[in-house]
Amino acid sequence: CIRDRRWQLWIGDRMHAIFTLPGVSTLTVGVDLMHIKHLGTDKYMYGSVLYLLCFHVLSLSPLETLKVAASDIRQYYILHHTQVRYRYMNRISMFLRKSGFPCLRGKASEVKHLGKAVDASWRKHMRHDREIHQQIALMLETNNQVEIVLDRHKGSYKVPEPDASVLRASAHSAMQLQQNLRETFRDDEHPLFTVTSKAHIC
């Protein structure tokens, strides 16, 4: 926090040399997108969506439902020529842990390219008359919009307007919807859509 200058008085012996440079402080340290979004918020978001598909939306067994979702995702990859693909979606343990929120396992590049495929599977099987299902679809859509803008400006130092405004609005909407969904499912046996500090950073 800008008001809290106590960090300037810290004389610990583990301060990194970069903080001795003029103008450099903890306020100028950036966080990387891969760990914040793809290995952070996205893994919890997609894990929760897959949990709902497998345990609440379709009437098949969870494993059979996962096979259906995996088939949807493979078909999406083929249709849209997705280069980086999530490979081993064949066990419930890929997103459901013994305790805590559902969280999808996987590499950052696999998770990054999974969003549109998960969205397609969700829209195929969701109950369109249920508001909560519509909110999940909107969350996935706005989260994917973030990736579309970032891909459009890959390698750029910054995102120019008007895409910068779209990026901010989409990220804010996706994280706000995730927060709303977390409140909705907070008291379930498996609470869903956790919101961590990474969501706030995102």
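Everything numeric in this text was worked out from a predicted model, so none of it was measured.

1. Some thoughts on the environment of aspartate 42
Here's step 1: Assignment of secondary structure puts aspartate 42 in helix H1 (residues 33-57).
Here's step 2: Note: C-alpha distance between aspartate 42 and glycine 115 (73 residues apart in sequence) is 8.0 Å.
Here's step 3: Dropping the residues within four chain positions of it, aspartate 42 is found in contact with Lys37, Val111, Asn143 and Glu147.
Here's step 4: Polar side-chain contacts of aspartate 42 include one of 3.1 Å to the side chain of asparagine 143.

2. Some remarks on the nonpolar core
Here's step 1: Among the nonpolar cores identified, the biggest contains 41 residues, and Phe95, Leu114, Trp122, Ile136, Met139, Leu140 and Phe193 are the most heavily contacted of them.
Here's step 2: Of all elements in the fold, only H1, helix H2 (62-80), helix H4 (115-125), helix H5 (131-152) and helix H6 (163-184) reach the threshold of two or more residues within this core.
Here's step 3: Beyond its immediate sequence surroundings of up to four residues, leucine 114 is in contact with Tyr46, Ile73, Tyr77, Tyr86, Met89 and Leu104.
Here's step 4: Grouped together as the second largest cluster of nonpolar side chains are six residues, Val146, Val159, Ala164 and Leu167 included.

3. Section: the environment of leucine 33
Here's step 1: Mapped onto the elements, leucine 33 comes out in helix H1.
Here's step 2: Leucine 33 sits 66 residues away from serine 99 along the chain, and the two C-alpha atoms are 26 Å apart.
Here's step 3: What leucine 33 contacts, discounting residues up to four positions off in sequence, is His38 and Leu150.

What counts, and where the lines are drawn
- Residues numbered from 1 in each chain as written.
- Predicted model: local features only at pLDDT ≥ 70, side-chain atom pairs only at ≥ 80, totals over all residues.
- Heavy atoms only, no water.
- Helix = DSSP H or I, 4+ residues; strand = E, 2+ residues; numbered from the N terminus.
- Contact = heavy atoms within 4.5 Å.
- Polar contact = N/O pair within 3.5 Å; in protein donor to acceptor, adjacent residues only side chain to side chain.
- Core = buried A, V, L, I, M, F, W, Y, C linked by side-chain atoms within 4.5 Å.
- Buried < 20%, exposed > 50% of the residue type's maximum accessible area, 1.4 Å probe, protein only.

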